[in-house]
Amino acid sequence: MKWESFQSKVPGKWVLAGEHAVLRGAAAIALPHPELGLSLRFEPGPAGGGIEVLPSEGAEPILEIIAALPEAGQISGRLEIESTIPWGAGLGSSAALCVALARWFSGPLGLSAAALPDFATKLENRFHGKSSGMDIAVILAGEPVRFLRGQNAVPLGIRRLPKFTFHDTGLRARTSLCVAQVEVYLREHAERGAYLDQLMGCASREAEEGLSLYGSGQSGEGLRLIAQAMARGQQCFEAWGLFPDSVRGLRQDLLERGALAAKLTGAGGGGMLVALWDDPDRARSW
Ligand code: PMV
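Since the model is a prediction, treat every value here as computed from it, not as a measurement.

The rules behind the values
- Residues numbered from 1 in each chain as written.
- Predicted model: local features only at pLDDT ≥ 70, side-chain atom pairs only at ≥ 80, totals over all residues.
- Heavy atoms only, no water.
- Core = buried A, V, L, I, M, F, W, Y, C linked by side-chain atoms within 4.5 Å.
- Buried < 20%, exposed > 50% of the residue type's maximum accessible area, 1.4 Å probe, protein only.
- Helix = DSSP H or I, 4+ residues; strand = E, 2+ residues; numbered from the N terminus.
- Contact = heavy atoms within 4.5 Å.
- Disulfide = S-S within 2.5 Å.
- Salt bridge = Lys/Arg side-chain N within 4 Å of Asp/Glu carboxyl O.
- Near = heavy atom within 4 Å.
- Polar contact = N/O pair within 3.5 Å; in protein donor to acceptor, adjacent residues only side chain to side chain.
- Areas by Shrake-Rupley, 256 points an atom, 1.4 Å probe, with all protein chains shown as cover.
- Nonpolar A, V, L, I, M, F, W, Y, C, P; charged D, E, K, R; others polar.
- Phe/Tyr/Trp six-rings, centres within 6.5 Å; stacked < 30°, edge-to-face > 60°.
- Lys NZ or Arg CZ within 6 Å of the ring centre and 35° of its normal.

Engineer: Whenever I open this one, the nonpolar core confuses me. Can you help?
Structural biologist: Side chains of a nonpolar character, in soluble globular proteins, are inclined to be buried together. The biggest cluster of nonpolar side chains holds 88 residues, and the ones touching the most others in it are Leu16, Leu79, Leu101, Trp104, Phe105, Phe164 and Trp240. Top contributing element to this core by residue count: helix α2 (residues 93-109), with ten residues. Look past the residues within four positions of Leu16 in its chain and what remains in contact with it is Ile29, Leu31, Phe164, Ala207, Leu211, Ile226, Met230 and Lys263.

Structure, rendered in structure tokens:
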């Protein structure tokens, strides 16, 4: 195995529609984050010198992952990770790290491109417990995708996107706890729970159609469908009890300033609100 100089840049991700229901077979529409991302740089050092991971605060899980590689002792050098993706905000911080690590390992370990999604998803399971694999899929694709659990993500081939802005609720909730909350909801309200999964699936279909129309120049109808999809997604978060009361003011503010829709993105319970705009100038005032 040869560990040479390596560099990779990957985006964060966000979810337009399909959260939670994707775990039970619905489609989800996920996009790379337009601004936030992670870069990984490796410079080999003298043999036997060990590996230094920077910044040192986040080094532990990375060193564990490296230690589990075959012939890990052969790796020596300096690994530098720079990320603008906030941790735990549903923007794919751990998935971005795992995709970058998987790309770095792929040369020395001889991993094919087809093997990367699985490999990176297994790495991510160390951070999260079992995930749907959606974050990994969209970050690897680097473009908007339709994702179905257990299948390869389908790139949507959209070249022009409307303006979305991202607003930190200041709250953080563990994905695993949010997933467990929806499972409890489903057990206690089976019929309503199944309806909400269908509603989220419907939101994903509308979101995809809306993105495609917008991308092909039919802006008005595209925005209408995307806004409708986001409203349906938001309705699901509220029904599942994953929309904190303290976030209502921020959402209302966005809508009063002209956002066409605003919803939580990711697992819910906090994290980020995403807003859709028809007028980039109004969006910029945020
Ligand atoms: O964005 P995240 O990683 O917090 O999770 C959102 C998506 C879920 O459907 C809730 C979980 C998953 O793995 O798909």
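Engineer: Whenever I open this one, the side chain of Glu206 confuses me. Can you help?
Structural biologist: Mapped onto the elements of the fold, Glu206 is located in helix α6 (residues 190-215). Here Glu206 falls in the buried class, since its relative accessible area comes to 10%. If we skip the residues at most four places from it in the chain, Glu206 touches Leu225, Gln228, Ala229 and Arg232.

Engineer: Is there a simple way to think about the state of the cysteines in this case?
Structural biologist: Throughout this description, disulfide means a covalent bond between two cysteine sulfur atoms. On inspection of all chains with the given rule, the structure shows zero disulfides. Cys202 supplies the cysteine sulfur nearest to Cys236, a cysteine that is in no disulfide, at a spacing of 9.4 Å.

Engineer: What's the story with the pattern of salt bridges in this structure? I'm lost.
Structural biologist: Any two side chains of opposite charge can pair, given that their charged atoms come close. In total, this model carries 15 salt bridges according to the counting rule given. Between Arg41 and Glu80 there is a salt bridge whose closest N-O contact spans 3.5 Å. Remark: Glu80 occurs in strand β4 (residues 77-83) and Arg41 occurs in strand β2 (residues 28-44); sequence separation between them is 39 residues. Looking at Glu80, the relative accessible area reads 23%, which means it is partly exposed. A salt bridge links Glu52 to Arg78, with the shortest nitrogen-to-oxygen separation between them at 3.9 Å. Of the two residues, Glu52 sits in strand β3 (residues 51-54) while Arg78 sits in strand β4, which places them 26 residues apart along the sequence.

Engineer: Got a minute to help me understand the environment of Gln235 in this structure?
Structural biologist: Take Gln235: it is sitting in helix α7 (residues 219-239). When the C-alpha atoms of Gln235 and Met200 are compared, they prove to be 9.0 Å apart, with 35 residues separating the residues in sequence.

Engineer: What's the story with the site of the ligand in this structure? I'm lost.
Structural biologist: Near the ligand, the surroundings consist of 13 residues, among which Lys13, His20, Ser132, Asp135 and Thr175 are the closest. A distance of 2.7 Å separates an oxygen atom of the ligand from a polar atom in the side chain of Lys13. Contacts to the ligand include His20, whose backbone N or O atom sits 2.9 Å from an oxygen atom. Out of a free accessible area of 370 Å², the ligand has 95% covered by protein chains. Its residues assigned to classes, the shell around the ligand shows four nonpolar, six polar and three charged.

Engineer: Got a minute to help me understand the packing of aromatic side chains in this structure?
Structural biologist: Here the distance between the centres and the angle between the planes together describe a pair of aromatic rings. Tallying each qualifying case throughout the model produces nine aromatic pairs. Seen from their ring centres, Trp104 and Phe105 are 5.2 Å apart, and the 35° between their planes marks the pair as tilted. By relative accessible area, which is 2% here, Trp104 ends up buried. According to the relative accessible area criterion, Phe105 is buried, its value standing at 0%. Following the ring pairs from residue to residue traces out a cluster consisting of Trp3, Phe42, Trp104, Phe105 and Phe119. Its guanidinium or amino end placed over the ring of Tyr214, Arg160 lies 4.1 Å from that ring's centre, counting from NZ or CZ.

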